[in-house]
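# Chain and residue survey
In case you want the letters, here they are:
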Amino acid sequence: MKPSIPQGTRDFNAVTIRKRNYIFNTIRNVFELYGFQPLETPAMENLETLMGKYGEEGDKLIFKILNNGLDNPAKHEQAKEDFEKILEGKNNKNITERALRYDLTIPFARYVAMNHGQLTFPFKRYQIQPVWRADRPQRGRYREFYQCDADVVGSNSLLNEVELANIYATVFEKLGIDVEIKINSRKILAALAELSGGADKMIDITVAIDKLDKIGIEKVKEELVQRGLNENQINIIEKYLSIRGSNEEKLIAIKKLADENATAKKGIEEIEYLLNFTIHHSPLTIDFTLARGLNYYTGIIFEIKAKHVTMGSIGGGGRYDDLTGLFGVPNIPGVGISFGVDRIYDVMEELKLFPDEIETSTQVLFFNLGENESRQAFELMQQLRNKNIRCEIFHENTKFDKQFKYADKKQIPYAVIIGSKELAENNCVLKNLQSGEQQTLSQNELLGFSF
RNA sequence: GAGAGCGUAGCUCAGUAGGUUAGAGCGACAGUUUGUGGCACUGUAGGUCGUGGGUUCGAGACCCAUCGUUCUCCCCA
């Protein structure tokens, strides 16, 4: 058979992993710097933990795991009956009890609900793990990808939003990615729905206006008509969507439009608080069309867009009032953000933002020039390794050409040559393979050399 | 879930209106070169043309199906 891997998954070679680790480490260090603690949860969750949390579309994209033991003849009749329900589109514990993690937020909420008695609030955790979605793969979209999340639960303070916005700004600055951190408030969106007379239409409205920059105002209006809004309602939404300008200008305009509405007023105040508090050069931009799909957001929402490149959002998040309520533990509010590492990787690759030095692996190659020579080389190599220098010795005694070419291909910066002459004189030749310069050193000098 | 493009050597691709033995570059391996690499030159290996069917005297090319992959829509990281 031809070996292959599942659609939308990838193998990662050494170079790729080094670059990814560079991203992971950057994010992790900032998370730690802000006082977040690590958490890991299982790759799979009980299906019922995940179902219904991501909207109707989300449910379809959850990878479900077939139960074991269905081939047991004693249970055939029951299994067939249960499978009928699957065909009707209903989930059935007897067929699929577990599913692969779809994001990191819901498993975190489940964890908090299970352990709220032991946790010190506010509880700040970060989590860096892969998630799986049964989406059709395309540019910037994979079926297995990493998310890096930071969440704070057990606090209503907007200081948390400030902290998270600063984490976003700091990480992307460290990575060298020019981004726009778009913010909006679900409260303002809810108010818009109220004002345009369709509080129950909030999801319809947000889904439609989210597409504004993609399909244009006319198409959005068409979609709103299709979703059952009347002309008057659409006029209000159009006014809302026509708000342009700087953050200040947008705030003035939205106040004019919706300030009498208590919910909107609250949302506007929150955005103002965040903008006034955040480090002043941070790239926060109000975007009133930002809606975000996940239904559980209730306050400020974030989304990250990389500049100079065509790529979906590389991060997102927001405040949710009562996520653990879904698991029977009410009144624990939270707010969180997520980094999409695989898209960040693609953006950095395209913009050539990875520093060169992360690609070096082995620092020193010891040449193998004979039985006794290589024994001495081996001895020295072990001593260098004890000094934390990454070394290897060529696997067989062969001509120089081979050994040099091996070093070239692995981009090893130094070669140590110990031939019969060096062996006799108790020294070695150290060659810098980039510059071509070489020097004869005593073996002691080699051990003290700073690579 | 809907739609489009592409599958020829390890990689990137060529292959002219269907015509004999399927090509190139890069890479790999070997040699020129058993104490000095990157360059150059020479040579060698490597292909069920994704798979299965069909049209034809003849298919890498045309048709159908299927699988894989890329991209778009939907939605998202």
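Computed from a predicted structure; not experimentally measured.

## Details of the protein's contact with RNA strand B
- Around RNA strand B, 40 residues are found, and the nearest of them are Arg133, Arg141, Gly293, Ser313 and Lys402.
- Counting only the atoms of RNA strand B within 4 Å of the protein, the fraction contributed by sugar and phosphate is 48%.
- Here a base nitrogen of RNA strand B sits 2.3 Å away from a polar atom, N or O, in the side chain of Arg141.
- Of the residues that constitute the surface near RNA strand B, the class distribution is ten nonpolar, twelve polar and 18 charged.

## Thoughts on the sheet that holds strand β13 (residues 391-393)
- Pairing in this open sheet of five strands is mixed, and the strands run β13-β12-β14-β15-β16 from one edge to the other. With one partner strand each, in any of the chains shown, β13 and β16 (438-442) form the two edges of the open sheet. Shown here is a sheet whose adjacent strand axes are inclined to one another by a mean of 25°, direction ignored.
- Summarising the sheet, strand β14 (residues 414-417) and strand β15 (residues 427-432) pair through four bridges and their orientation is antiparallel. Each bridged residue has a counterpart across the sheet, and for Val416 the counterpart in β15 is Leu430.
- Here helix α14 (residues 371-386) sits on the sheet and contacts β12 (364-366) and β13; the angle it forms with β13, its principal contact strand, is near 165°.

## Re the packing of helix α7 (residues 186-195) against helix α12 (residues 262-277)
- Between α7 and α12, whose axes approach to 8 Å, the crossing angle comes to 155°. Taken together, the axes of α7 and α12 lie roughly antiparallel to each other. Here α7 runs over α12; the crossing is left-handed. Residues Lys187, Ile188, Ala191 and Glu194 of α7 form the contact with α12, whose own contacting residues are Thr263, Ala264, Lys266, Gly267, Ile268, Glu270 and Ile271.
- A breakdown of the residues in the contact of α7 with α12 according to their chemical character gives five nonpolar, two polar and four charged.

## Quick word on the pattern of salt bridges
- Counting across every chain of the model gives 19 salt bridges.
- The shortest N-O distance in the salt bridge between Arg125 and Asp151 comes to 2.9 Å. With a gap of 26 residues between them, Arg125 in strand β5 (residues 123-132) and Asp151 in strand β6 (residues 144-153) connect regions that are remote in the sequence.
- A salt bridge links Glu371 to Arg375, with the nearest nitrogen and oxygen atoms 3.2 Å apart. Residue Glu371 and its partner Arg375 are located together in helix α14, separated by four residues, close to a single helical turn. Of the two residues, Glu371 and Arg375, both sit in the exposed class.
- A network of salt bridges, in which partner residues are shared, links Arg10, Arg20 and Asp342.

## What to know about the confidence of the model for chain A
- Considering every residue of chain A, the mean pLDDT works out to 91; 99% of them sit at 70 or more.
- Among the scores for the predicted complex, ipTM is 0.86 and pTM is 0.91.

## Side note on the sheet that holds β6
- The eight strands are arranged β1-β5-β6-β11-β10-β9-β7-β8 in an open sheet whose pairing can be described as mixed. Edge positions in the open sheet fall to β1 (37-38) and β8 (284-286), since each of these has one partner strand only.
- Packing against the sheet, helix α6 (residues 159-175) makes contact with β5, β6, β7 (179-185), β8, β9 (300-306), β10 (315-320) and β11 (334-340), and its axis sits at approximately 10° to β11.

## Focus: the nonpolar core
- Membership of the largest hydrophobic core comes to 95 residues, with the highest contact counts inside it found for Ile167 and Phe339.
- No other element matches α6, which puts nine residues into this core.
- Once you skip the residues sitting within four places of it in the chain, Phe339 turns out to touch Ile27, Phe31, Tyr146, Gln147, Cys148, Ile167, Tyr168, Val171, Phe172, Ile314, Gly315 and Ile344.
- Grouped together as the second largest cluster of nonpolar side chains are 16 residues, Leu384, Cys428, Leu441 and Leu446 included.

## Observations regarding the pairing of β14
- With burial as the criterion, each face of β14 is covered, one bearing Tyr414 and Val416 and the other bearing Ala415 and Ile417.
- Where β12 and β14 come together, three bridges link them in parallel fashion. Bridge pairing in β14 places Val364 opposite Tyr414.

## A look at the side chain of Asp59
- Along the polypeptide, Asp59 turns up in helix α3 (residues 55-60).
- The side chain of Asp59 sits in the buried core without any salt bridge; Lys64 is the nearest counter-charge, 7.4 Å away.

## A word on the environment of Ala169
- Looking at where Ala169 falls in the secondary structure, it is placed in helix α6.
- Under the relative-accessibility criterion, Ala169 is labelled buried at 10%.
- With 113 residues separating them in the primary sequence, Ala169 and Ser282 have C-alpha atoms 5.9 Å apart.
- Once residues within four sequence positions are removed from consideration, Ala169 is found in contact with Ile181, Ile279, Ser282 and Pro283.

Scoring rules and cut-offs
- Residues numbered from 1 in each chain as written.
- Chains lettered and ligands numbered in written order.
- Predicted model: local features only at pLDDT ≥ 70, side-chain atom pairs only at ≥ 80, totals over all residues.
- Heavy atoms only, no water.
- Near = heavy atom within 4 Å.
- Polar contact = N/O pair within 3.5 Å; in protein donor to acceptor, adjacent residues only side chain to side chain.
- Nonpolar A, V, L, I, M, F, W, Y, C, P; charged D, E, K, R; others polar.
- Pairing = 2+ DSSP bridges.
- Helix = DSSP H or I, 4+ residues; strand = E, 2+ residues; numbered from the N terminus.
- Axes fitted to C-alpha atoms, helices over the stretch in contact; angles between N-to-C directions.
- Contact = heavy atoms within 4.5 Å.
- Parallel < 35°, antiparallel > 145°, perpendicular 65-115°, else oblique.
- Left-handed = near helix turned anticlockwise from the far one by under 90°.
- Salt bridge = Lys/Arg side-chain N within 4 Å of Asp/Glu carboxyl O.
- Buried < 20%, exposed > 50% of the residue type's maximum accessible area, 1.4 Å probe, protein only.
- pLDDT = per-residue confidence, 0-100.
- Core = buried A, V, L, I, M, F, W, Y, C linked by side-chain atoms within 4.5 Å.
- Lys, Arg positive; Asp, Glu negative; His and termini not counted.

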